[in-house]
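Each chain is listed here by its residues.
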Amino acid sequence: MRNERVFEIGTARNGFLGGQQSQFDLVRDLPDIPVMSETLLLMELMVRERAVDLKDIAQLVLGDLGAALQVLRRAGREDASVESLPARIEDCISGLGLHACLEAMSRRTIKRSARHPEMIEAWAHARTVAENCRALAEETSFSINPDDAYLVGLFHGIGSLPAVLGWDRTMQISGSPEVIGLRMAQAWSLPRCVALYFAPIRPISGANLWREIVRQAHQETECILGHSHAPHPIDALAHALSS
């Protein structure tokens, strides 16, 4: 079943026609995703070191939604074939080189200020859900790679980024957050697990374990914050846009 779903995703990625093709191109060429200024500063300091630990670099990049997306998008442009979709951020970093990664990350930055509360909250929420997804994959019966679970948790809300970043006011981006998220995963050559998270659930495919682990990760977050805590803005936005 899994091979069939992967084939469907690959076919969709290469088979956009007419208006769908224009939407695919639009998503592929969306503006750069902002990176937290402190992430960029730490990256610059690491690059200056004589000896760099790849794991430390990967951890830094994966701790920032924008940094992770920018590095993966850059890697996707270098090799956009379906067969070579990246599986690990470490492979992207080593393949691109540190300076290329730094260049991709430095295209747009944001600071922790009152001017961008929605963006700051969205970045923090993505990281929290990602960490919960990894913990669930490590500690429960989910037959899911913990690193893949982290990526799915980190990117689960990317379909709402056009609204969060204000792109929807100047660009004709159509579709629900799930549809936009799938287009992003395909157009930006994100790891296959991310595309599978956004893929429509079909009877022949069965339950979507990626969506289930993200759902439970949100429950873990709500337990920590209290059951009366309101839904996170990016999740509430995704729900509203899907309705």
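Scroll up a little and you will see the structure.
Residues numbered from 1 in each chain as written. Predicted model: local features only at pLDDT ≥ 70, side-chain atom pairs only at ≥ 80, totals over all residues. Heavy atoms only, no water.

Let us look at the overall build of the protein. Counting secondary structure elements, the protein contains 14 helices and 2 strands. Looking at the 243 residues of the protein, the share that counts as buried comes to 47%. A separation threshold of at least 6 residues defines the contact pool for the protein, and within that pool the share at least 24 residues apart is 73%. Here the protein has roughly 12,500 Å² of accessible surface; of this, 52% comes from carbon and sulfur atoms. (Helix = DSSP H or I, 4+ residues; strand = E, 2+ residues; numbered from the N terminus. Buried < 20%, exposed > 50% of the residue type's maximum accessible area, 1.4 Å probe, protein only. Contact = heavy atoms within 4.5 Å. Areas by Shrake-Rupley, 256 points an atom, 1.4 Å probe, with all protein chains shown as cover.)

We now examine helix 5 (residues 65–78). A rise of 1.5 Å per residue sets the reference length of helix 5, with its 14 residues, at 20 Å; its end C-alpha atoms lie 20 Å apart and thus fit the reference within 8%. Within helix 5, 11 of the 14 residues are buried, which leaves it mostly tucked inside the rest of the structure. Taken residue by residue, helix 5 has L65, G66, A67, A68, L69, Q70, V71, L72, R73, A75 and G76 as its buried positions. The N-capping residue of helix 5, defined by a side-chain oxygen 2.9 Å from the backbone nitrogen of G66, is D64. (Expected span 1.5 Å × (residues − 1). Polar contact = N/O pair within 3.5 Å; in protein donor to acceptor, adjacent residues only side chain to side chain.)

What follows covers the pattern of salt bridges. The full count for this structure, using the stated rule, is 10 salt bridges. Between R28 and D25 there is a salt bridge whose closest N-O contact spans 3.3 Å. You can see R28 and its partner D25 sitting in helix 2 (residues 18–28), 3 residues apart, about one turn around the helix. Since its relative accessible area comes to 24%, D25 is described here as partly exposed. When the shortest N-O distance is used, the salt bridge between D91 and R88 registers 3.0 Å. (Salt bridge = Lys/Arg side-chain N within 4 Å of Asp/Glu carboxyl O.)

It is worth spelling out the environment of D168 at this point. Position of D168 relative to the elements: it lies in the loop between helix 10 (161–164) and helix 11 (177–187). Given a relative accessible area of 40%, D168 falls into the partly exposed group. Contact partners of D168, with chain neighbours within four places excluded, come to P162 and A163.

Glancing now at the packing of helix 5 against helix 6 (residues 89–96). Closest axis-to-axis distance for the helix 5/helix 6 pair is 10 Å, and the angle between their directions is 60 degrees. Comparing the axis directions of helix 5 and helix 6 gives the class oblique. The way helix 5 lies across helix 6 gives a crossing that is left-handed. Two secondary-structure elements touch here, helix 5 through A68, V71, L72, R74, A75 and E78 and helix 6 through I89, C92, I93 and L96. (Axes fitted to C-alpha atoms, helices over the stretch in contact; angles between N-to-C directions. Parallel < 35°, antiparallel > 145°, perpendicular 65-115°, else oblique. Left-handed = near helix turned anticlockwise from the far one by under 90°.)

Glancing now at helix 4 (residues 54–62). Note: α-helices contain 3.6 residues per turn, so residues at a spacing of three or four share the same orientation. Residues of helix 4 that are buried include every one of I57, A58, L60, V61 and L62, and no others. Two or three places before K55, at the start of helix 4, stands the capping residue D53, its side-chain oxygen 2.9 Å from that residue's backbone nitrogen.

What follows concerns the packing of helix 3 (residues 37–48) against helix 4. It is the contact of helix 3 with helix 4, at a shortest axis distance of 10 Å, that shows an interaxial angle of 165 degrees. Relative to helix 4, helix 3 is oriented roughly antiparallel. Crossing of helix 3 over helix 4 shows left-handed handedness. Facing helix 3, whose interface residues are T39, L42, M43 and M46, helix 4 presents D56, I57 and L60. For the contact of helix 3 with helix 4, the residue count by class is 5 nonpolar, 1 polar and 1 charged. (Nonpolar A, V, L, I, M, F, W, Y, C, P; charged D, E, K, R; others polar.)

Honestly, that's just the spatial picture; any functional story needs more than this.
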